[in-house]
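# Inside the fold
For reference, the chains in residue letters:
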Amino acid sequence: MLWKDADPVGALTNATVYLEAVGHVVVAWIWLQQALAAHGKAEDFYAGKLIAARYFFHYELPKTTAQFDLLDSGDQTTIDLDENWF
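Right, let's walk through the structure included here. Numbering of residues starts from 1 in every chain and runs along the sequence as written. Thresholds applied to this predicted model are a pLDDT of at least 70 for local features of residues and 80 or more for the giving and counting of side-chain atom pairs; totals over whole chains, interfaces and linings are not thresholded and use all residues. With hydrogens and water excluded, all non-hydrogen atoms of the structure serve as input to the side-chain values.

Let's shift gears to the environment of Ile30. Each helix is a run of H or I in the DSSP string that is no shorter than four residues. Each strand is a run of E no shorter than two, and both are numbered from the N terminus. Tracing the sequence through the fold places Ile30 in helix H2 (residues 15–38). Only protein chains enter the accessibility calculation, which uses a 1.4 Å probe; a residue is then buried when its area is under 20% of its type maximum, exposed when over 50%, and partly exposed in between. Here Ile30 falls in the partly exposed class, since its relative accessible area comes to 42%. C-alpha of Ile30 to C-alpha of Tyr18: the two residues are 12 residues apart in sequence and 18 Å apart in space.

Right, here's the structure in full:
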């Protein structure tokens, strides 16, 4: 979708948003693996893994919804600015 026009400038307009969103998805995958490994184990170490994974899924991962919505919109506000306006 980001490369639909084959325009490098347009595709990279929201590169930072893309990298942050995809990074959160990757970290969520890692936390999922950690939670699965900790499931059913009673030691404090594993309880810490489970609560950290829960935190990430409840507080950090939902942020990606807005980020992916912005990317889907194709918004180019950041490149539509003219430096002479400032």
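That shown, we press on.
Right, let's get into the side chain of Thr64. Among the structural elements, Thr64 can be located in helix H4 (residues 63–73). Thr64 gets classed as buried once you look at its relative accessible area, which sits at 7%. In what follows, residue pairs with any heavy atoms lying within 4.5 Å of each other are defined as contacts. Beyond its immediate stretch of four places on either side in the chain, Thr64 contacts Ala21 and His24.

Looking now at the packing of aromatic side chains. Between 30 and 60 degrees the pair is tilted, below 30 it is stacked and above 60 it is edge-to-face, where a pair is any two Phe, Tyr or Trp rings, Trp via its six-membered ring, whose centres lie within 6.5 Å. In total, this model carries 2 aromatic pairs according to the counting rule given. Considering the side-chain rings of Phe45 and Tyr46, the 5.2 Å spacing of their centres and the 80° angle between planes classify their relative orientation as edge-to-face. Judged by its relative accessible area of 55%, Phe45 is exposed. Since its relative accessible area comes to 24%, Tyr46 is described here as partly exposed. Ring geometry for Tyr55 versus Tyr59: centroids 4.9 Å apart, planes at 15°, classification stacked. On the criterion of helical spacing, the pair formed by Tyr55 and Tyr59 is a turn pair, its members being 4 residues apart in helix H3 (residues 44–60). Among the residues examined, Tyr55 registers a relative accessible area of 44% and is labelled partly exposed. The exposed category is assigned to Tyr59, whose relative accessible area is 55%. Any Lys NZ or Arg CZ that is within 6 Å of a ring centre and within 35 degrees of that ring's normal is treated as a charge sitting over the ring. A cation over a ring is seen here: Lys41 above Tyr46, with NZ or CZ 4.9 Å from the ring centre.

Looking at the secondary structure, you find Gln67 in helix H4. Each residue touching Gln67, except ones within four places of it in the same chain, is listed here: Val17, Glu20 and Ala21.

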